[in-house]
Amino acid sequence: VFKLYKQEKYDEALAKCRKAAELDPKDFRPHYIAGFVYMAQLKFESASEAFAKAIELKPDEKVIYMYKAEADQMRGAKDEAIAACRKALEIDPSFAEAYLTIADILRGDEKRRDEAEAAYRAAVKVDPTVPFILERVGESRLYEKKDEKGAEEAFRKAMELDPKRMAGRFAL
């Protein structure tokens, strides 16, 4: 089925997912793959529903929550996306990607920027070695918080971790 998805034969892939789900109703994978197919088709509500069904069948898999969060974010359901990230964090409190996604979602909401900044700090705390997390922190501080000194510090740390990355250089 995944091969059909990669070949962009989406209708065939979805048909196979439905058949697989009928054959083994307890298998999360057909719903998981269907979620990717729907994402590729830009059918974000259907993707969210498919990932939700996969979660129902495999509630301890943090990555599925993140794909659901992505689908929810793309369909404008920010609160649902954040809730999915928080569920992933219940499974793994050191899951930096979940903190980062929460921060990215909240970053554009002026009333929730402090919450976004706290999520960025949490992401850096659990994994201080990922340059793109620090770059996002720098961007948030520069553009939303207007904190040039804090932004510069974050960009310099990111460049220190990976001197070949260019993102922070342009802002400095």
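So, how was this worked out
As a convention, each chain's residues are numbered from 1 in the sequence order in which they are written. For this predicted model, a pLDDT threshold of at least 70 governs which residues receive local features, and a threshold of 80 or more governs which side-chain atom pairs are given and counted, while totals over whole chains, interfaces and linings are taken from all residues. Side-chain descriptors were evaluated using all non-hydrogen atoms of the structure, hydrogens and water having been removed beforehand. For this document, the term salt bridge refers to a Lys or Arg side-chain nitrogen within 4 Å of an Asp or Glu carboxyl oxygen. In this description a helix means any DSSP run of H or I spanning at least four residues, a strand means any run of E spanning at least two, and both kinds are numbered starting from the N terminus. Each residue is placed in one exposure class: buried if its accessible area under a 1.4 Å probe, protein chains only, is under 20% of its type's maximum, exposed if it is over 50%, and partly exposed if it falls in between. What qualifies as a polar contact is a pair of N or O atoms within 3.5 Å, subject to a donor-acceptor requirement within protein and to the restriction that residues adjacent in sequence count only when both atoms come from side chains. For this analysis, residues touch if any pair of their heavy atoms sits within 4.5 Å. Here the axes come from fitting lines to C-alpha atoms, over the contacting stretch only for helices, and the angles between their N-to-C directions go from 0 to 180 degrees. Throughout this description, any angle smaller than 35 degrees is read as roughly parallel, any larger than 145 degrees as roughly antiparallel, any in the 65 to 115 degree range as roughly perpendicular, and the remainder as oblique. By the definition used in this description, the sense in which the near helix is turned from the far one sets the handedness, with an anticlockwise turn below a right angle giving left-handed and a clockwise turn giving right-handed. For this classification, the nonpolar set comprises Ala, Val, Leu, Ile, Met, Phe, Trp, Tyr, Cys and Pro, the charged set comprises Asp, Glu, Lys and Arg, and every other residue, Gly included, is treated as polar.

1. Some details on the pattern of salt bridges
Under the criterion given, the structure shown has 19 salt bridges. With a closest N to O distance of 3.6 Å, Lys 68 and Glu 80 form a salt bridge. Taken together, the residues Lys 68 in helix H5 (residues 62–74) and Glu 80 in helix H6 (residues 78–91) connect sequence positions 12 residues apart. Residues Glu 117 and Arg 121 are paired through a salt bridge, measuring 3.9 Å at the closest nitrogen-oxygen approach.

2. Comments concerning the side chain of Arg 141
Along the polypeptide, Arg 141 turns up in helix H9 (residues 131–144). Among the residues examined, Arg 141 registers a relative accessible area of 16% and is labelled buried. Engagement of the side chain of Arg 141 in a polar contact is seen with the backbone oxygen of Gly 150, the distance being 3.4 Å. Not counting chain neighbours up to four residues away, the residues in contact with Arg 141 comprise Glu 117, Arg 121, Lys 146, Asp 147, Gly 150, Ala 151 and Ala 154.

3. A look at the packing of helix H3 (residues 29–40) against helix H4 (residues 44–57)
One way to put it is that H3 packs onto H4 with a least axis distance of 8 Å and a crossing angle of 165°. Classified by the angle their axes make, H3 and H4 are roughly antiparallel. The two elements H3 and H4 cross, and the hand of that crossing is left-handed. Contacts between H3 and H4 involve His 31, Tyr 32, Ala 34, Gly 35, Phe 36, Tyr 38 and Met 39 from the first element and Phe 44, Ser 46, Ala 47, Ala 50, Phe 51, Lys 53, Ala 54 and Leu 57 from the second. Here the contact of H3 with H4 is built from residues that sort into 11 nonpolar, three polar and one charged.

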